[in-house]
Amino acid sequence: MSHNDWSSFLDEMDGLTPLKQDTLPASHASKRDAATIATRRKAAETSAEAALPLLSLDHVALLRPDDMVSYKKPGVQEGVFKKLRLGKYPCDARLDLHHHSVEKARDALLNFLQGCLRRNLRAVMIVHGKGERSQPPALLKSYVSGWLPQLPEVLACHSALHQHGGSGCLYVLLRKSEQAKQDTRERLQSRQG
């Protein structure tokens, strides 16, 4: 900056009254604010995997081995649910829970769904078996069928068609990731434009 520029600047500033500061100086920030910021930062950095709830191993409503399972979150279109029920969505991944304890099945289910979400998979199959020989019958089926509606990423599930495993398997429809939603919006806009 030249001497003339500086002189012009000072001439312009002559007669102005400085504003009083209306915020606390940074040096007076409380330790709680720093802790809050650190907590928020850590929460923001935590992946969706950690956001999945810890599903209960305590009580479950028992199903029978041949019971059909059907669940749909509010807002899921009937046409989408019908397509899921009829096995029209290609299953992008499959989890077989045969011979798992309830606790191991829960861990395997959560890990499986987390992996599916990371890979942006939408329709998957979970094989829980009918549980005809378990005591009580259909125990694992009952737990899996009770857990899935609790997960925000699960939009719908339905017992599979006979040729895909029948009442021993579930078709599961997962929520789209934000990136997949954006891709769909862009694809629709390019068709319209």
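Because the structure is a prediction, the values reported are computed rather than measured.

Enquirer: How would you sum up the overall build of the protein chain? Please name residues and give values.
Expert: Helix and strand counts for the protein chain stand at 7 helices and 5 strands. Moving toward the C terminus, one meets the helices and strands of the protein chain in the order α-α-α-β-α-β-α-β-α-β-β-α. With 193 residues in all, the protein chain has 32% of them scored as buried. A separation of at least 24 residues holds for 73% of the contacts in the protein chain among residues at least 6 apart in sequence. Here the protein chain has roughly 13300 Å² of accessible surface; of this, 53% comes from carbon and sulfur atoms.

Enquirer: Any chance you could break down the sheet that holds strand 2 (residues 93–96) for me, citing the residues and the numbers?
Expert: Hydrogen bonds along the backbone pair up the strands of a sheet, which may run parallel or antiparallel. Read across the sheet, 5 strands follow the order 1-4-5-3-2 without closing on themselves; strand pairing throughout is mixed. Edge positions in the sheet fall to strand 1 (70–72) and strand 2, since each has one partner strand and no second. Geometrically, the sheet is characterised by an average inter-axis angle of 20° between neighbouring strands, direction not taken into account. With 4 bridges connecting them, strand 2 and strand 3 (residues 123–127) associate as parallel partners. Among the inter-strand pairings, Leu95 is bridged to a residue of strand 3, identified as Ile126. Lying over the sheet, helix 5 (residues 102–118) contacts strand 2, strand 3, strand 4 (154–159) and strand 5 (169–174), oriented at roughly 175° with respect to strand 2.

Enquirer: Could you give an account of helix 5, with specific residues and numbers?
Expert: The end-to-end C-alpha separation of helix 5 is 24 Å, in line with the 24 Å expected for 17 residues at 1.5 Å each. Backbone geometry just downstream of helix 5 places Asn120 in the positive-phi region, at approximately 60°.

Enquirer: Could you give me a rundown of a nonpolar patch on the surface, with the residues and numbers involved?
Expert: On the surface, Trp6, Phe9, Leu10, Met13 and Leu16 cluster together into a nonpolar patch covering about 500 Å² of accessible area. In this structure, Trp6 sits in helix 1 (residues 3–13).

Enquirer: A description of the packing of aromatic side chains should follow, citing residues and the corresponding values.
Expert: Per the stated rule, a full pass over the model turns up 1 aromatic pair. When the ring of Tyr143 is compared with that of Trp147, the centres are 5.5 Å apart and the planes differ by 45°; the resulting orientation is tilted. With a gap of 4 residues between them, Tyr143 and Trp147 both fall in helix 6 (residues 139–147), about one helical turn apart. Across the pair, Trp147 and Tyr143 agree in class, each one buried.

Enquirer: For the confidence of the model for the protein chain, give the residues involved together with the corresponding values.
Expert: When pLDDT is averaged across the protein chain, the result is 85; 80% of the residues are at 70 or more. Confidence over residues 43–49 falls short of pLDDT 50; this stretch has 2 contacts with residues more than four positions distant or in other chains.

Enquirer: Quick rundown of helix 6? Include the residues and the values.
Expert: The buried fraction of helix 6 is high, at 7 of 9 residues. Among all positions of helix 6, only Leu140, Lys141, Ser142, Tyr143, Val144, Ser145 and Trp147 are buried. Looking at the buried side of helix 6, the elements it contacts are helix 5, strand 3 and strand 5.

Enquirer: Could you give me a rundown of the side chain of Ser142, with the residues and numbers involved?
Expert: Among the secondary structure elements, Ser142 is positioned in helix 6. Within the local environment of Ser142, its side chain forms a polar contact with the backbone nitrogen of Leu63, the two atoms lying 2.8 Å apart. Contacts of Ser142, omitting those with residues within four sequence positions, involve Val60, Ala61, Leu62 and Leu63.

Cut-offs and rules
Residues numbered from 1 in each chain as written. Predicted model: local features only at pLDDT ≥ 70, side-chain atom pairs only at ≥ 80, totals over all residues. Heavy atoms only, no water. Helix = DSSP H or I, 4+ residues; strand = E, 2+ residues; numbered from the N terminus. Buried < 20%, exposed > 50% of the residue type's maximum accessible area, 1.4 Å probe, protein only. Contact = heavy atoms within 4.5 Å. Areas by Shrake-Rupley, 256 points an atom, 1.4 Å probe, with all protein chains shown as cover. Pairing = 2+ DSSP bridges. Axes fitted to C-alpha atoms, helices over the stretch in contact; angles between N-to-C directions. Expected span 1.5 Å × (residues − 1). Patch = residues over 30% accessible without salt bridge, like charges linked within 9 Å, V, L, I, M, F, W, Y side chains within 5 Å. Salt bridge = Lys/Arg side-chain N within 4 Å of Asp/Glu carboxyl O. Phe/Tyr/Trp six-rings, centres within 6.5 Å; stacked < 30°, edge-to-face > 60°. pLDDT = per-residue confidence, 0-100. Polar contact = N/O pair within 3.5 Å; in protein donor to acceptor, adjacent residues only side chain to side chain.

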